[in-house]
Amino acid sequence: MAAAALIAGCTGSIGDPSSESAGAGGGGAIAPSNLGGRTGTSGSSATGSGGTTAGRGPTSAGGSVAGGTNCTPSVPPTSQIPRLTNDEYDRTVRDLLGVTGLTAQNGAAPSSLLATDQAGGLTNVGWSAYKTVAEDIAAQVIADPSLKGKFISCDPGVGTCLHDTVVSFGRKAFRRPLSKDEVAGFDAIIAKGSEITPKGAPSEVAELLLSMFLVSPSFLQREELIDVSDSAGHLVLSSYEVAARLAYMLWGSTPDETLNRAADDQQLKTSEQILQQARRMLGDPKARDRVAAFHRSYMLMGTNTRWDNTNHDSLLFPAFKRDLVGALQKETEMFFDNITFGKRGTFEDLLLSSVAFVSSATAPLYGLDPAKFTANLSETNLDANHPGFLTRLGFLNAYSGYDAASPILRGAFITKQVLGVPIGAPPPGASDARLPDASADLNTNRKRYDALTSGAQCAGCHKSFINPPGFALESFNAVGSFQTTERDTGARIDTSADVTVDPAEAAIHVTGPAELMAAIARSHSAKAQYASKWVSYATGRDSDPGDACTVEQLAAKMMASGYTLLELITDLSQTPAFRIRTVEP
Amino acid sequence: MTSRAIDVDTKRSLINRRLFLRGVGGLTLAAPFLGSLHEARGATSTPPKRLVVFYTHNGCLTNRWFPKVENGSLKASDLTGTLAPLASFTNKLLIPRGFRSMNQFGSGQSIDPHDQACGSKLTCAPLNDDANRYPKAESLDHTIAKLINPNKAAPLVLSVGAASTKIKEIISFSSANTAFPANVNPKTVFNALTFGAGTPTPTTPGSPMTPEVDYRVKRGQSVIDLVRSDLSRLQKQKMSGADQRRIQDWLDLLRDTEVGVGGVGSSGSGSTSTPVACSSETASNLGVTSSALTAASPTGKITPGVFDGGGAPTGSEADKNLATSFTAGGDMMMNLVALNMICDANRVLVLMYPGYVVFNWDGITDTTDHHAISHRTGSIIVTGKCLPGVLDHIDRIDRWYAGKFAKLVGLLDGIQEGGGTLLDSTATLWLPELSDGAAHNLNNLPILIAGSAGGYLKQGAAVNVEGAPIGGGNSDNSCQDGSNKGDTGSTAGNVPINKLYVTLMNAVGCRDNGAKITKFGVMDGRDATPGITNPGEVAALTSSG
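Residues numbered from 1 in each chain as written. Chains lettered and ligands numbered in written order. Predicted model: local features only at pLDDT ≥ 70, side-chain atom pairs only at ≥ 80, totals over all residues. Heavy atoms only, no water.

Engineer: What am I meant to see in the overall build of chain B here?
Structural biologist: Regarding its fold elements, chain B presents 13 helices and 19 strands. Expressed as a percentage of its 545 residues, the buried residues of chain B come to 62%. Accessible surface, chain B as shown: approximately 18,500 Å² in total, 52% of it carbon and sulfur. (Helix = DSSP H or I, 4+ residues; strand = E, 2+ residues; numbered from the N terminus. Buried < 20%, exposed > 50% of the residue type's maximum accessible area, 1.4 Å probe, protein only. Areas by Shrake-Rupley, 256 points an atom, 1.4 Å probe, with all protein chains shown as cover.)

Set out below in structure tokens:
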């Protein structure tokens, strides 16, 4: 997210309306009131700014009007020939040829031998890697009867088999029909077969053809070249290009037969036609994987993240064990999947649903009777104190300290990741400050954190943004169990707070987690942030000011009740930006 | 006393691995392509010059790292602390004292010091204050590569550990805001040296490669022709300048690999421009065999860096791959660095060791990561209780790295080339992220250079470029007795590192229309706006200075 503009790390003096943060290189903090409303009145022309919840007008590409849903969607100019990412390469090869691991490399994923993804030009290492892997894949496919048919389904030594394979497989590999010249080029390879293979055997020529497809730019790059303009002067994608965009957006992989036929039949021209395909594709397990991966990235899950490294003092919390960590993550993954696909729920459902997935091992952490559950995580409903993913064990455990909850970790996550408020990094030395010891005055975790962050340098971010949501979640201890009194002192825990969910609007008073989640669920900020993350994920580019209008339109739809997550995902294909492109300078 | 955990026997590598590059005195035959800014060389020429960068994170115990001599000639007996493994190479070392690399603290930015240290290290440029925090300029390795590499190939940037695009684990940037992440799989790196359609990688240990067969050469050419026509079709389309460059880059790679035309590796029989020594036999002698490559490469996922603290190893496959990567993997990368130089495939080579890993190899069994240990607390904050015995923990990691650098130096010094060794033609730079890991300071950087870059650099000396005594820093100030006193930083030693880079650029032969380079980077202070205020190389670092 473009964290640049708004609150630059809360250093120095706050409340200095004249100091525009001006994107890069800007010093000083901006008072929260200067963040600019959704109507984009601040008019900052800071480079790289905007594009977040405040809906400030994008400053580049396409001249959108700031704010509101009357903006003209623009498309950030990006490369017309982006190479497949390594993940896309693996999935494409899996779907085209059934290869998931290279037998020549002990089953390692094909991309493990490719050069690391990078946005610059192809390097020597990158090019050699593509060739090596293409040869390995081709040899494997030809040698394996269960895979060979995905490339060639006739006898290569008989008649026009190899030529026909060039045409039919080429269509799939290049994600478009081959031109006459291209077919001729491959036919010439076939004709030279005996000179460029060990023995000139037809199967060797077939293997060579496959490896050549896999190193072709038309396979390795997702080309968008068509030069046709619409009445508004935008360059319109061809049906083949739309098919490829749809497939890589919803599946992270190549189009399937049905999508290819729709492209061949020119059935991907209208929004409605595209919508039909998008809906169909969302029903495929590949989309489910992609959505699951999105939610994992939305929640910052992954190897060696806080989620993975969750650990708590099992003397203080006997119900917690390190080997539960996997289950805690899994529950949250199942929650997102269930709300999106199972319940066809809305964004608000993500924040408010009482659905949970509990096993006999995790039940005690919820204060539930293990005897009522099995060894597997199974669906149940929690009480009114447990709305949404932010009150599930996974998040609460991951965003806690070793022996106590951390309002700062939880509050910062909510502020930055969920609400999209760009609070930036703490000032140098801030994270080294020591939490004051408990005392008669500081007899709750909340009070200690409050004291820690009351200084002038800290209050700007902490008082208005970070701490309040964290304090509301003090209803849950370090291992996610509900609590009303402080363990060590017996003091009553105060979970009321004034939470700023939208920097342009007044703080909302909440009395605890339920009201906090209701406020987040209702907010425009959280919806715009979620939409922005989806646009970024689906297009494979960092959030860009040029996407601001698309995000705003989606956020507006999300504000209407009953708008499901599935509709949001399909609507990514419905924005005008989906069918047009612009040229990079 | 050297810890038993570090078992680097550099002398042994010298004796067993003395390689003599065969052919006409092992000399590289004149390459047909001379970059316009590269020094012209004759047929019986001196070897090309190379820059090698060995990069480590999280600083060190500077008091134990720096030799006492700040300015003057060095003897082996001066290297008694952390640098003891390098004592036998003292006559080829140069320790520049008093350099500071760039960061932006003090101009209101609050970007994490590690992000700044890595992003600005080889770029001397400010960072974008966005989610990625990449710098606003290309890095030194790319600048130099464009000037001295055959075919202006991109630098070879390698790392151990997991592939990463995070700013804390990247130091190479191919252009402003564009990361050039390292390659982490030794097999991928090796394959780039033996590529050519149909050319197999070695299949049995020590066996020479199958001699080039006619069909392979023709096949390779067919691939090139097919791909070239695909790219030419693209070239005819209306496209942005950036995309046109991408297409041209690929076309250039094809041209470079065509048989007999300035190609790398052994893609053609009878190719007259590939160094004779670039062969499977040389690879074998260096220990680069099929089985060794497999043993050095990951079997699957590698545990990535941990930035939030915690994460003791669990014995998982990913953890095992991490250990392999740091040990056999890193050693294999060194061999591949040497092989790339022997094959003249690259003259700018970077090998990085990430800093957010838990050491669990070579007798070191930490339970928290190097970064956290460098803070003295075992956590991501620097205040709080000292980790018990933390100075010993840091010390053994520092010595482990010194041992690895010594291994690299020993490897390169054991390969005869022309009248000297491969090392002599290089400036092999140990470049640290930080001075002290808890203070996160960038002044008084512990920098070490091995090799003279063909006689350009002073050897066997420490050179204080600041002119006044600097001292060894204060790393030992805190946690000696278990109490965290905090200040392990220092203030002296602030000559901009830009000047070191300019000196190195000139050392490896970069020229600007025939004249020496005079400046590098966007800034040499904490504020980008004045630009470069102190241009020029440091004459005292040169052999004539």
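Let us keep going from here.
Engineer: How should the packing of aromatic side chains be read in this particular structure?
Structural biologist: By convention here, two paired aromatic rings are described through the distance between centres and the angle between planes. All names here are of chain A. For the structure on display, the rule yields 44 aromatic pairs over all chains. Note on tyrosine 89 and phenylalanine 219: the rings are 6.2 Å apart at their centroids and 70° apart in plane angle, and the pair reads as edge-to-face. Taken together, the positions of tyrosine 89 in helix H1 (residues 86–97) and phenylalanine 219 in helix H7 (residues 217–220) put the pair 130 residues apart, joining distant regions of the chain. On the basis of relative accessibility, which here comes to 0%, the residue phenylalanine 219 falls in the buried class. (Phe/Tyr/Trp six-rings, centres within 6.5 Å; stacked < 30°, edge-to-face > 60°.)

Engineer: Which parts of the structure should I look at to understand the sheet that holds strand S15 (residues 448–450) of chain B?
Structural biologist: Strands pair in a sheet through their backbones, by hydrogen bonds, and they do so in one of two ways: parallel or antiparallel. All names here are of chain B. Read across the open sheet, the 8 strands follow the order S3-S16-S4-S15-S14-S2-S9-S6; overall the sheet is mixed. Of all the strands in the sheet, the pair left with one neighbour each is strand S3 (72–73) and strand S6 (156–159). The pairing of strand S4 (residues 93–97) with S15 spans 2 bridges and is antiparallel. Across the sheet, the residue bridging to leucine 94 is isoleucine 449, located in S15. Taken strand by strand, helix H13 (residues 497–507) contacts strand S2 (50–56), strand S14 (426–432) and S15, and its axis lies near 160° from that of S14. (Pairing = 2+ DSSP bridges. Contact = heavy atoms within 4.5 Å. Axes fitted to C-alpha atoms, helices over the stretch in contact; angles between N-to-C directions.)

Engineer: Before we go on, may I ask you to explain the interface of chain A and chain B in this structure?
Structural biologist: One frequent convention defines the size of an interface as the accessible area lost when the parts assemble. Taken residue by residue, the interface counts 71 residues in chain A and 66 residues in chain B. Together, the buried faces of chain A and chain B total about 5,700 Å²; carbon and sulfur atoms form 58% of this surface. Arg233(B) is paired through a salt bridge with Glu223(A); the nearest N and O atoms lie 3.0 Å apart. Inspection of the region where chain A meets chain B yields 12 residue pairs in polar contact (both at pLDDT 80 or more). Of all the elements in the fold, those that place two or more residues in the side of chain A that touches chain B are helix H2 (124–143), helix H5 (180–191), helix H6 (202–215) and H7 of chain A. Looking at the side of chain A that touches chain B residue by residue, the class counts come to 32 nonpolar, 26 polar and 13 charged. (Buried area = accessible area lost by both parts, 1.4 Å probe. Salt bridge = Lys/Arg side-chain N within 4 Å of Asp/Glu carboxyl O. Polar contact = N/O pair within 3.5 Å; in protein donor to acceptor, adjacent residues only side chain to side chain. Nonpolar A, V, L, I, M, F, W, Y, C, P; charged D, E, K, R; others polar.)

Engineer: Is there a simple way to explain helix H10 (residues 271–282) of chain A in this structure?
Structural biologist: Side chains three or four residues apart in an α-helix point the same way, a direct result of the helix having 3.6 residues per turn. Between its first and last C-alpha atoms H10(A) spans 16 Å; for 12 residues at 1.5 Å apiece the expected length is 16 Å, and the two agree. On its buried face, H10(A) sits against helix H8 (239–250), helix H9 (257–264), helix H11 (285–298), helix H12 (325–342), helix H21 (565–571) and helix H22 (576–579) of chain A. (Expected span 1.5 Å × (residues − 1).)

Engineer: Sorry if this is basic, but what is going on with empty space enclosed by the protein here?
Structural biologist: Empty space among the atoms becomes apparent when a probe as large as a water molecule is rolled across them. Under the defined criterion, the tally for this structure stands at 17 cavities of 30 Å³ or more. Here the largest cavity is characterised by a volume of approximately 180 Å³. In terms of lining residues, the largest cavity is bounded by 19 residues, among which Thr123(A), Val125(A), Pro155(B), Leu156(B) and Asn183(B) are the most central. Of all the secondary-structure elements, those providing two or more residues to the lining of the largest cavity are H2 of chain A together with S6 of chain B. Counted by class, the lining of the largest cavity contains 12 nonpolar, 7 polar and no charged residues. (1 Å grid on protein atoms, 1.4 Å probe; cavity = no way out; pocket = protein on both sides within 12 Å on 5 of 7 lines; lining within 4 Å. Points joined across faces, edges and corners; volume = space filled by probe spheres on them.)

Engineer: What am I meant to see in the packing of H9(A) against H10(A) here?
Structural biologist: When two helices pack together, their arrangement is given by the angle between the helix axes and the distance between those axes. Residue and element names in this part refer to chain A. Where H9 meets H10, the closest approach of the two axes is 11 Å, and the angle between their N-to-C directions is 175°. Classed by the angle they form, the pair H9 and H10 counts as roughly antiparallel. Of H10, the residues touching H9 (which contributes Thr258, Leu259 and Ala262) are Gln277, Arg280 and Met281. Looking at the contact of H9 with H10 residue by residue, the classes come out as 3 nonpolar, 2 polar and 1 charged. (Parallel < 35°, antiparallel > 145°, perpendicular 65-115°, else oblique.)

Engineer: Would you mind going over the confidence of the model for chain B with me for this structure?
Structural biologist: Low-confidence regions, as indicated by low pLDDT, have predicted coordinates that should not be scrutinised in detail. Residues and elements named next belong to chain B. The predicted model of chain B averages 85 in pLDDT, with 84% of residues at 70 or higher. With pLDDT under 50 throughout, residues 1–44 is counted as low confidence; its partners more than four residues away or in other chains account for 74 contacts. Contacts of residues 195–212 to residues separated by more than four positions or lying in other chains number 43 contacts, the stretch itself having pLDDT below 50. Prediction confidence for the complex, expressed as pTM and ipTM, is 0.85 and 0.84 respectively. (pLDDT = per-residue confidence, 0-100.)

Engineer: Explain unusual backbone geometry here, please?
Structural biologist: Negative phi is the rule for most residues except glycine; trans is the rule for most peptide bonds. Residue and element names in this part refer to chain B. Despite not being glycine, arginine 133 shows a phi value in the positive range, around 60°. Look at arginine 133 and you get buried, because its relative accessible area is 15%. The phi angle at asparagine 513 is positive, at roughly 55°, despite the residue not being glycine. Mapped onto the elements of the fold, asparagine 513 is located in the loop between strand S18 (511–512) and strand S19 (515–516). Exposure remark for asparagine 513: the relative accessible area of 73% places this residue in the exposed category.

Engineer: Quick question: what am I supposed to make of the domain arrangement of chain A here?
Structural biologist: When its domains are assigned, chain A resolves into domain 1 (47–80 + 223–281 + 524–585), domain 2 (86–220) and domain 3 (290–300 + 314–425 + 433–522). Between domain 2 of chain A and domain 3 of chain A, the C-alpha centre-to-centre distance is 49 Å. (Domains from an automatic or database assignment.)

Engineer: What is the right way to read the state of the cysteines from this model?
Structural biologist: Formally, a disulfide is one covalent bond, and it connects the sulfur atom of one cysteine to the sulfur atom of another. Counted by the stated rule, this structure contains 3 disulfides over all chains. Disulfide pairing places Cys154(A) opposite Cys161(A) at an S-S distance of 1.9 Å. Torsion about the S-S bond of the Cys154(A) and Cys161(A) cystine: about 85°, corresponding to right-handed handedness. Here Cys278(B) engages in a disulfide with Cys343(B); their sulfurs sit 1.9 Å apart. Here the S-S torsion is close to 85°, and the disulfide linking Cys278(B) with Cys343(B) is therefore right-handed. Remark: Cys343(B) occurs in the loop between helix H10 (317–342) and strand S9 (348–352) and Cys278(B) occurs in the loop between helix H7 (241–257) and helix H8 (280–285); sequence separation between them is 65 residues. Here Cys278(B) and Cys343(B) have matching classes, each one buried. Here the disulfide map of chain B reads 1-2, 3-4, the bonded cysteines being numbered as they appear in the sequence. Left unpaired, Cys124(B) is separated from the closest cysteine sulfur, that of Cys118(B), by 13 Å. (Disulfide = S-S within 2.5 Å.)

Engineer: Whenever I open this one, the pattern of salt bridges confuses me. Can you help?
Structural biologist: Side chains that carry opposite charge are capable of pairing whenever their charged atoms lie near each other. Taken as a whole and judged by the stated rule, the model has 42 salt bridges over all chains. The salt bridge partner of Asp424(B) is Lys92(B), with a shortest N-O separation of 2.9 Å. Placement of Asp424(B) in the loop between strand S13 (420–421) and S14 and of Lys92(B) in the loop between S3 and S4 is noted, with a sequence separation of 332 residues between them. With a relative accessible area of 16%, Lys92(B) lands in the buried category. One salt bridge connects Asp481(B) with Lys485(B), and the closest N-O pair in it is separated by 3.7 Å. For Asp481(B), a relative accessible area of 55% translates into the label exposed. On the basis of relative accessible area, Lys485(B) is assigned to the exposed category, the value being 52%. Salt bridges here are not isolated pairs; linked through shared partners, they connect Arg176(A), Glu182(A), Glu223(A), Asp230(B) and Arg233(B).

Engineer: What is the right way to read the nonpolar core from this model?
Structural biologist: Side chains that are nonpolar tend, in soluble globular proteins, to be buried together. Phe389(A), Leu390(A), Ile520(A) and Tyr530(A) are the most contacted members of the largest nonpolar core, which has 80 residues in total. A domain-level breakdown of this core finds at least three residues from each of domain 1 (47–80 + 223–281 + 524–585) and domain 3 (290–300 + 314–425 + 433–522) of chain A. Excluding its chain neighbours within four sequence positions, the residues that come into contact with Tyr530(A) are Phe294(A), His295(A), Tyr298(A), Phe347(A), Leu350(A), Met558(A), Leu565(A) and Leu568(A). With 76 residues, the next largest nonpolar core counts Val125(A), Val189(B), Leu193(B) and Cys479(B) among its residues. (Core = buried A, V, L, I, M, F, W, Y, C linked by side-chain atoms within 4.5 Å.)

Engineer: Where do I start with the side chain of Asp398(B) in this structure?
Structural biologist: Mapped onto the elements of the fold, Asp398(B) is located in helix H12 (residues 390–413). Although Asp398(B) is buried, it forms no salt bridge, and the closest oppositely charged side chain is Arg64(B) at an N-O distance of 7.0 Å. (Lys, Arg positive; Asp, Glu negative; His and termini not counted.)

Engineer: Help me out: how do you make sense of H7(B) in this one?
Structural biologist: Along its 17 residues, H7(B) runs 24 Å from first to last C-alpha, staying within 8% of the 24 Å computed at 1.5 Å per residue. What H7(B) keeps buried is the set Ala242(B), Asp243(B), Ile247(B), Trp250(B), Leu251(B), Leu253(B), Leu254(B), Asp256(B) and Thr257(B). Buried residues in H7(B) make contact with H2, H6 and H7 of chain A together with helix H6 (214–235) of chain B.

Engineer: For this particular structure, what's the right way to read the pairing of S4(B)?
Structural biologist: On any regular strand, side chains alternate: one points to one face of the sheet, the next to the other face. All names here are of chain B. In terms of burial, S4 is largely enclosed, as 5 of its 5 residues are buried. Side-chain alternation along S4 places Leu93, Ile95 and Arg97 on one buried face and Leu94 and Pro96 on a second face that is also buried. Pairing of S4 with strand S16 (residues 461–464) involves 4 bridges; the strand directions are parallel. Bridged to isoleucine 95 within S16 is alanine 462.

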